[in-house]
Amino acid sequence: KCKDKKANGKPISWSIEDHGDYYIIKCLLDVEEKVLVNFSTSGGVIGVDCNMDHFAWTDISKDGNFLESGTFSFTLNKKTNGQSTKILEAEAIALVDVAVQKNKPIVMEDIDTTLSKTGDAYGNKKVNRLKSIFAYRKMAQAIKSRAQKMGIAVIVVNPAYTSITGKL
């Protein structure tokens, strides 16, 4: 009965998951972005490095000094697409919870893995398998969506020299 569906209508989709003995029915819809998001880096930031088997995080003070660090380990080897998504979402929740506790925004690198995945098709089988498992885009999306929900800003930076800076 909506008169102007383009202006007032919102897209809704449904997902049905079969779990053998029971079904889970999910309603998927767009949620408006939170207005109160912490973009302030004056108290420091949480730096995040996404790897094939873990998220490494570092709490950095407002002066750029090291305060604390940790990792959230996971394995995506021999997992289905759905399983890997759930694993990454769970670890992203834990990571964003650290940022919420410390009341700091998250800084992560913007990595483009498309060329590295297509570069050596006839190379080492083990290396090719590891490259195909590395789901950076899925990791970044899980972190960004959870951070948005919790009111934490995600600042994306150029990945140049971030590994060297992290080692220092």
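Residue positions are counted from 1 within each chain, in the order its sequence is given. The predicted origin of the model limits local features to residues at a pLDDT of at least 70 and limits the giving and counting of side-chain atom pairs to 80 or more, whereas totals for whole chains, interfaces and linings rest on all residues. With hydrogens and water stripped out, all remaining heavy atoms of the structure feed into the side-chain values.

Draft legend 1. Helix 2 (residues 81-102), seen in detail. For helix 2, which comprises 22 residues, the first-to-last C-alpha distance of 32 Å matches the rise-based estimate of 32 Å (1.5 Å per residue) to within 8%. Within the span of helix 2, buried status applies to Ser-84, Leu-88, Glu-91, Ala-92, Leu-95, Val-96, Val-98 and Ala-99. For helix 2, the buried positions fall inside an angular range of 140° around the axis, keeping them on one side. Working rule for contacts: check all heavy atoms of both residues, and any pair within 4.5 Å makes them a contact. Secondary structure elements are taken from DSSP: a helix is a run of H or I of four residues or more, a strand is a run of E of two residues or more, and numbering for both begins at the N terminus. Those residues of helix 2 hidden inside the fold are in contact with strand 3 (45-50), strand 4 (54-60), strand 5 (66-73), strand 6 (106-109) and helix 5 (136-150). Asn-103 lies just past helix 2 and shows a positive phi near 55°. Here a helix's expected span is defined as the number of its residues, less one, multiplied by 1.5 Å. Buried residues are those whose accessible area, probed at 1.4 Å on protein chains only, stays under 20% of the maximum for their type, while exposed residues exceed 50% and partly exposed ones sit between those limits. In this description, the arc belongs to the directions extending from the helix axis to the C-beta atoms.

Draft legend 2. Here's a closer look at the packing of helix 2 against helix 5. Taken N-terminus to C-terminus, the directions of helix 2 and helix 5 make an angle of 45°; their axes are 8 Å apart at the nearest point. As summarised for this structure, helix 2 and helix 5 are arranged oblique, according to the angle between their axes. Between helix 2 and helix 5 the crossing geometry is right-handed. Mapping the contact onto sequence places Asn-81, Ser-84, Thr-85, Leu-88, Glu-89, Ala-92, Ile-93, Leu-95, Val-96, Asp-97 and Val-100 in helix 2 and Lys-138, Met-139, Ala-142, Ile-143, Arg-146, Ala-147 and Met-150 in helix 5. Taken together, the residues of the contact of helix 2 with helix 5 break down into 11 nonpolar, three polar and four charged. Here, axes are lines fitted to C-alpha atoms. For helices the fit covers the stretch in contact, and angles between N-to-C directions go from 0 to 180 degrees. What sets the label is the angle itself: under 35 degrees gives roughly parallel, over 145 gives roughly antiparallel, 65 to 115 gives roughly perpendicular, and the rest give oblique. Crossing handedness is defined as follows: a turn of the near helix away from the far one that is anticlockwise and smaller than a right angle gives a left-handed crossing, while the clockwise case is right-handed. Under the scheme applied, nonpolar residues are Ala, Val, Leu, Ile, Met, Phe, Trp, Tyr, Cys and Pro; charged residues are Asp, Glu, Lys and Arg; polar residues are all the others, including Gly.

Draft legend 3. Quick look at the sheet that holds strand 5. In short, DSSP must find at least two bridges between two strands for them to pair. On the basis of which strands lie adjacent, the open sheet formed by five strands has the order 5-4-3-6-7 and mixed pairing. Each of the sheet's edge strands pairs with one partner strand only, and the pair in question is strand 5 and strand 7 (154-157). Taking each pair of neighbouring strands and ignoring which way they run, the sheet shows an average axis angle of 25°. Taken together, the seven bridges between strand 4 and strand 5 define a ladder with antiparallel strand orientation. The partner of Thr-58 across the bridge, within strand 5, is Ser-69. Its contacts with the sheet place helix 2 against strand 3, strand 4, strand 5 and strand 6, and it is angled at close to 5° to strand 4. Helix 5 rests against strand 3, strand 4, strand 6 and strand 7 of the sheet, and its axis sits at about 165° to strand 6.

Draft legend 4. Expanded view of unusual backbone geometry. Even without glycine at this site, Asn-103 takes up a positive phi of about 55°. A relative accessible area of 54% means that Asn-103 is categorised as exposed.

Draft legend 5. Broad picture of helix 5. Under the 1.5 Å per step criterion, the end-to-end length of helix 5 is 21 Å for 15 residues, consistent within 8% with the ideal 21 Å. Every buried residue of helix 5 is listed here: Tyr-136, Met-139, Ala-140, Ala-142, Ile-143, Arg-146 and Ala-147. Taken end-on, helix 5 shows its buried residues confined to a sector of 160°, consistent with a single buried face. More than 90 degrees from the buried face of helix 5, the exposed residues found are Arg-137, Gln-141 and Lys-149. Residue Gly-151 follows helix 5 closely and has a positive phi angle near 80°.

Draft legend 6. The nonpolar core, seen in detail. Ranked by internal contacts, the top residues of the largest apolar core, which has 24 residues, are Val-48, Cys-50, Phe-55, Ile-106 and Ile-143. At the level of secondary structure, the elements contributing two or more residues to this core comprise strand 3, strand 4, helix 2, strand 6 and helix 5. Leaving out residues up to four positions away in the same chain, Val-48 has contacts with Ala-56, Leu-95, Ile-106, Val-107, Met-108, Glu-109 and Ile-143. We call a set of buried residues a nonpolar core when its members are Ala, Val, Leu, Ile, Met, Phe, Trp, Tyr or Cys and they connect through side-chain atoms within 4.5 Å of each other.

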